[in-house]
Amino acid sequence: MELVDGKKLLAKVKLELKSEVQKMAHSNLRPPHLSAILVGDDPASKTYINAKIKSCEEIGFNSSVFKYSENVSETELLNKIHEINQSKEIDGLIVQLPLPKHINSDFITHSIDYKKDVDGFHPINMGRMVLGLDCFVPATPFGIMSLLEEYNIETSGKSCLVIGRSHIVGTPVSILMSRNKKRANSTVTLAHSKTKNLTSLTKEADIIIAAIGIPHFIKDTMVKKGCVIIDVGIHRVPSDKTKSGYRLVGDVDFDKVKEKVSFITPVPGGVGPMTIASLLKNTLFSAKKIIYSRT
Ligand code: NAD
C-alpha cells in the first residue's frame, strides 16, 4: 500500500508558487491576492479559513478575510461581493460554506465574478469545465486530479466509482475522471443516496472516490484487493486521546481498508491540503490574467 500524501504535495506546490511570486516581484508586479468571506462562528469553517490564509502568507500572496455574524443579511454579503468583484487588487474570492440557513448559498456563490471564482463553483466555470475549456476547476476535484497525477496512478480504462453527487465534489470529479485526457479516461459510475446494491459496485471498482459525508462508511469488506481509494470525507469525531477532544476521520475506515488497497489518501493529510493547493494555483492563474491584462 502506498500513502497518497496530500500534505507533501501541498508543500511542493507552495514552493513552486512562492518562486512564481518572487518572479512577479522581480518584474515589479504585485503578489496575487485571495479574499475570503466567513459568516458565523463554526469552528471547522474558521479552521479551514485560517489554513487557507496561513498558506497565502507562507508563499507571499496577499490575503484578506471579511467576517460577518451569523445573522448577516444576504444584501450585506452581496454588497461586499460586488465590491470585491470590482477591485483591481483582489484576484480570487471564496465564500466559506456552509452559510446560515436564511442565506441562499447558490445565489451568493454565483454572484462572485466567475473570473475571480477560484473555488470553481460558478455555473460558467462549471460549464467550461464540462466542455474542457480554460476555467477554474473546482478546488477539491482539481486537487484529486493533481494527486492522481503526482502518484502516477493509472486511470485510463479503469472503473472509477464516485460516491456522492454534490456540485462541489462528486459531480465535477465524475466528469473530470471520464474526460478524454491522459490522467482520466476512466469508466465512471456516479453513486448516491438512492443507489441500490452499492457494495456490488464498490467491490468491482478499481478506483473509489468517496464523497459521502458519513464517517467510516467504506469498510474493508466493501473494496477489492489492490484498488485505489480517494477519501474526500472529513469529520470531527470525539476522542479522549487528543487535547482538542476530537480527531479527524474520513468516509473510509482507513485502518482496515489500507491493508487491502494499492493507494489510499489519509484523513487528515490527503485530499484536504490539495483543496488548498488548488485554491492557491487558481488564485495565481487569476492574478496573472488580471495583472498582465493591465501591463
Ligand atoms: P454532500 O453532503 O453535499 O453530498 C453527499 C453525497 O453523498 C450526496 O450526493 C448523497 O447522495 C451521497 N450519499 C449520502 N448517503 C449516501 C449513501 N448511504 N450511499 C451513497 N451515497 C450517499 O457532501 P459534499 O459537500 O460533497 O462533501 C462530502 C464529504 O466531503 C463531507 O464529509 C465534506 O466535509 C467533505 N469535503 C471535504 C473537502 C476537502 O477539502 N477534503 C471538500 C469538500 C467536502
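Residues numbered from 1 in each chain as written. Predicted model: local features only at pLDDT ≥ 70, side-chain atom pairs only at ≥ 80, totals over all residues. Heavy atoms only, no water.

Caption draft 1: Examining the layout of surface pockets more closely. Within this model, the largest pocket holds a volume of roughly 1,500 Å³. Lining of the largest pocket is provided by 47 residues; of these, Tyr48, Lys52, Ile234, Gly272 and Thr275 occupy positions nearest its centre. Listing elements by their share of the lining of the largest pocket, those giving two or more residues are helix H1 (6-26), helix H2 (43-59), helix H6 (139-150), strand S9 (235-238), strand S10 (246-249) and helix H10 (271-292). Top element by residues in the lining of the largest pocket is H2. It accounts for 10 residues. Looking at the lining of the largest pocket, its residues break down into 23 nonpolar, 14 polar and 10 charged. There are two domains that each give the lining of the largest pocket at least three residues, and those are domain 1 (30-113) and domain 2 (139-272). (1 Å grid on protein atoms, 1.4 Å probe; cavity = no way out; pocket = protein on both sides within 12 Å on 5 of 7 lines; lining within 4 Å. Points joined across faces, edges and corners; volume = space filled by probe spheres on them. Helix = DSSP H or I, 4+ residues; strand = E, 2+ residues; numbered from the N terminus. Nonpolar A, V, L, I, M, F, W, Y, C, P; charged D, E, K, R; others polar. Domains from an automatic or database assignment.)

Caption draft 2: Just the environment of Ser63, in detail. Structurally, Ser63 is set in strand S3 (residues 62-68). Since its relative accessible area comes to 26%, Ser63 is described here as partly exposed. In this structure, the C-alpha to C-alpha distance between Ser63 and Ala36, residues 27 residues apart in sequence, is 7.9 Å. Excluding residues that lie within four positions of it along the chain, Ser63 makes contacts with His33, Leu34, Ile53 and Cys56. (Buried < 20%, exposed > 50% of the residue type's maximum accessible area, 1.4 Å probe, protein only. Contact = heavy atoms within 4.5 Å.)

Caption draft 3: Inspection of the site of the ligand at higher detail. Around the ligand, the surrounding shell holds 21 residues, and the nearest of these are Arg165, Ser166, Ser193, Val232 and Thr275. In this structure, Arg165 approaches the ligand through a main-chain N or O atom, which is 2.8 Å from an oxygen atom. For the ligand, an oxygen atom lies 3.2 Å from a polar atom in the backbone of Ile234. More than half of the atoms of the ligand fall within 2 Å of the grid points belonging to the largest pocket. The element best represented in the shell around the ligand is H10, accounting for 3 residues. Per-class residue counts for the shell around the ligand are 10 nonpolar, 10 polar and 1 charged. (Near = heavy atom within 4 Å. Polar contact = N/O pair within 3.5 Å; in protein donor to acceptor, adjacent residues only side chain to side chain. Sits in = over half its atoms within 2 Å of the grid points.)

Caption draft 4: Structural context of the side chain of Asp117. The residue Asp117 is located in the loop between helix H4 (105-110) and helix H5 (123-130) in this model. Of the side chains bearing the opposite charge, Arg128 lies closest to the buried Asp117, which forms no salt bridge; the N-O distance is 10 Å. Engagement of the side chain of Asp117 in a polar contact is seen with the side chain of Asn125, the distance being 2.7 Å. Filtering out sequence-adjacent residues up to four positions away, Asp117 remains in contact with Leu93, Ile112, His122, Asn125 and Phe136. (Lys, Arg positive; Asp, Glu negative; His and termini not counted. Salt bridge = Lys/Arg side-chain N within 4 Å of Asp/Glu carboxyl O.)

Caption draft 5: Expanded view of a nonpolar patch on the surface. A surface patch of nonpolar side chains, amounting to about 300 Å² of accessible area, comprises Val130, Leu131 and Leu133. With respect to the helices and strands, the residue Leu133 is situated in the loop between H5 and H6. (Patch = residues over 30% accessible without salt bridge, like charges linked within 9 Å, V, L, I, M, F, W, Y side chains within 5 Å. Areas by Shrake-Rupley, 256 points an atom, 1.4 Å probe, with all protein chains shown as cover.)

Caption draft 6: Inspection of H10 at higher detail. Across its 22 residues, H10 extends 31 Å between first and last C-alpha, which sits within 8% of the 32 Å expected from 1.5 Å per residue. Across the 22 residues of H10, 16 count as buried, placing the element largely inside the fold. (Expected span 1.5 Å × (residues − 1).)

Caption draft 7: Seen up close, the domain arrangement of the protein. Here the domain parsing of the protein yields domain 1 (30-113) and domain 2 (139-272). Taking only C-alpha atoms into account, the centre of domain 1 sits 27 Å from that of domain 2.

Caption draft 8: Region of the structure containing the pattern of salt bridges. The tally for this structure, following the rule as stated, stands at 13 salt bridges. Lys12 is the salt-bridge partner of Glu150, the closest N and O atoms lying 2.9 Å from each other. Residue Glu150 is located in helix H6, and its partner Lys12 is located in helix H1; the two are separated by 138 residues in the primary sequence. Close ionic contact of Lys54 with Glu58 constitutes a salt bridge, the shortest N to O distance being 3.5 Å. One end of the pair, Lys54, and the other, Glu58, are both in helix H2, 4 residues apart, so they sit about a helical turn from each other. On the basis of relative accessibility, which here comes to 35%, the residue Glu58 falls in the partly exposed class. Taken together, the salt bridges that share partners define one network made up of Lys14, Lys54 and Glu58.

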